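Read off the chains here:
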Amino acid sequence: MDNIDFKQGSCVFSALKPVFDQYSYNHCCNVYYEDDSLDIIPYSYSVMEEIVGLTLSCSNDEDTFYCVGEALAKLHSISLSFWGPVTEKSQAASVNDYYTMYYNKVLHNLDKYDKHLYRIVTEVIENNYCPCLYAGRAPVLLHHDFHFSNIMVSTNKNIKFIDWDSARGGLEELDFVKLKYMNLLHLPLSKLQSFISGYNSHRTLELNQNYYVYELVWLAKMVIFESNNSNDNKSYYPSKQFYLEMLKKSLDRIDTYDEMLLTPNRYSINAWLSNCI
């Protein structure tokens, strides 16, 4: 499942820096020097800002969670002109092309590793994904690996997001999926509400049934990922069994989602929030 074309490090920052500068976005590390020449050492490298602080996982301050939600909403207010990773030369032509490419990639791996799960996910996509629901939507900047271990809180409480290697243009809802399953499901309600309030102070997240299709496909992808993952640090990497249980719950709720989403087509983050509690 490895992507040999996956670009990391300095080339990602080179693509992102003009965007951050244009929007005066300061929730990212400063990069002071980068070198892809391989002349000094046989590696590409960057000299980056040192952040003296801890990850968000170590914070008990509800105001900090509010500020993180606010910083994420400001990131999602950055408009882009393309769908897909910032370092790829040919991005998807439209939002539906982007989702189709992603779903086909996941289905290819499911068919290879788990044909039963492949059939289930294929049926969910065919019966529930509705391209027309994304009509008129434009891409915004996504972190796309957004979870507490990639959110730094400095000693003076500045918020910095790190590890931008997966950054891309897409729909803001995508930054909430990994965050939900790695962190928000386990978060005390008061912190969760602070985070959501911070996000809502700058931006309204609109969800439709397509979001829940994406969420289910992502869970299926993680089942396969963890089946092939030798890392035993389950405090950071949830287990295959965890994702299987979450996938089953998501499948059990498909009918409920259909009933909820008949009218209206779109509803607020609060409905999504109810599924995190």
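Residues numbered from 1 in each chain as written. Predicted model: local features only at pLDDT ≥ 70, side-chain atom pairs only at ≥ 80, totals over all residues. Heavy atoms only, no water.

> Which residues make up the sheet that holds strand β4 (residues 84-85), and what values do they have?
What the 3 strands build is an open sheet, ordered β4-β8-β5; its pairing is antiparallel. Where the open sheet ends on each side, the last strands, each with one partner, are β4 and β5 (140-142). Relative to strand β8 (residues 168-170), β4 runs antiparallel, the two sharing 2 bridges. In the strand pairing of β8, G84 is matched with G169. (Pairing = 2+ DSSP bridges. Helix = DSSP H or I, 4+ residues; strand = E, 2+ residues; numbered from the N terminus.)

> Any chance you could break down the side chain of S154 for me, citing the residues and the numbers?
Position of S154 among the secondary structure elements: in strand β6 (residues 151-154). Given a relative accessible area of 12%, S154 falls into the buried group. Within the structure, S154 has its side chain in polar contact with the side chain of N156 (distance 2.3 Å). Here S154 is in contact with I51, V52 and G53, once residues within four sequence places are set aside. (Buried < 20%, exposed > 50% of the residue type's maximum accessible area, 1.4 Å probe, protein only. Polar contact = N/O pair within 3.5 Å; in protein donor to acceptor, adjacent residues only side chain to side chain. Contact = heavy atoms within 4.5 Å.)

> Break down the pairing of β6 for me, with residues and values.
Neither face of β6 is left uncovered, since the one carrying I151 and V153 and the one carrying M152 and S154 both have all their residues buried. Direction of pairing for strand β3 (residues 53-55) relative to β6: antiparallel, over a ladder of 3 bridges. Bridge assignment links L54 to a residue of β6, and that residue is V153. As paired elements, β6 and strand β7 (residues 159-161) share 3 bridges and run antiparallel to each other. Bridge pairing in β7 places I151 opposite F161. Connecting β6 to the antiparallel partner β7 that follows it, the hairpin turn spans 4 residues, and K157 within it adopts a positive phi of roughly 70 degrees.

> Summarise the sheet that holds β7; cite the residues concerned and give the values.
In spatial order, the strands read β3-β6-β7; together these 3 strands make up an open sheet with antiparallel pairing. Each having just a single partner strand, β3 and β7 make up the two edges of the open sheet. Taking each pair of neighbouring strands and ignoring which way they run, the sheet shows an average axis angle of 30 degrees. Along the sheet, helix α2 (residues 62-75) contacts β6 and β7; its crossing angle with β7, the most-contacted strand, is approximately 50 degrees. (Axes fitted to C-alpha atoms, helices over the stretch in contact; angles between N-to-C directions.)

> Before we move on, could you go through the packing of aromatic side chains and cite the residues and values that matter?
Summed over the entire model, instances satisfying the criterion amount to 20 aromatic pairs. An angle of 90 degrees between the planes, with centres 5.9 Å apart, marks the rings of Y99 and Y214 as edge-to-face. Taken as a pair, Y99 in helix α3 (residues 95-113) and Y214 in helix α7 (residues 209-227) lie far apart in primary sequence, 115 residues in all. Owing to a relative accessible area of 3%, Y214 belongs among the buried residues under this scheme. Here the aromatic residues Y98, Y99, Y102, Y103, Y129, Y134 and Y214 are joined through ring pairs into a cluster of three or more. (Phe/Tyr/Trp six-rings, centres within 6.5 Å; stacked < 30°, edge-to-face > 60°.)

What is shown is where atoms sit, not what they do.
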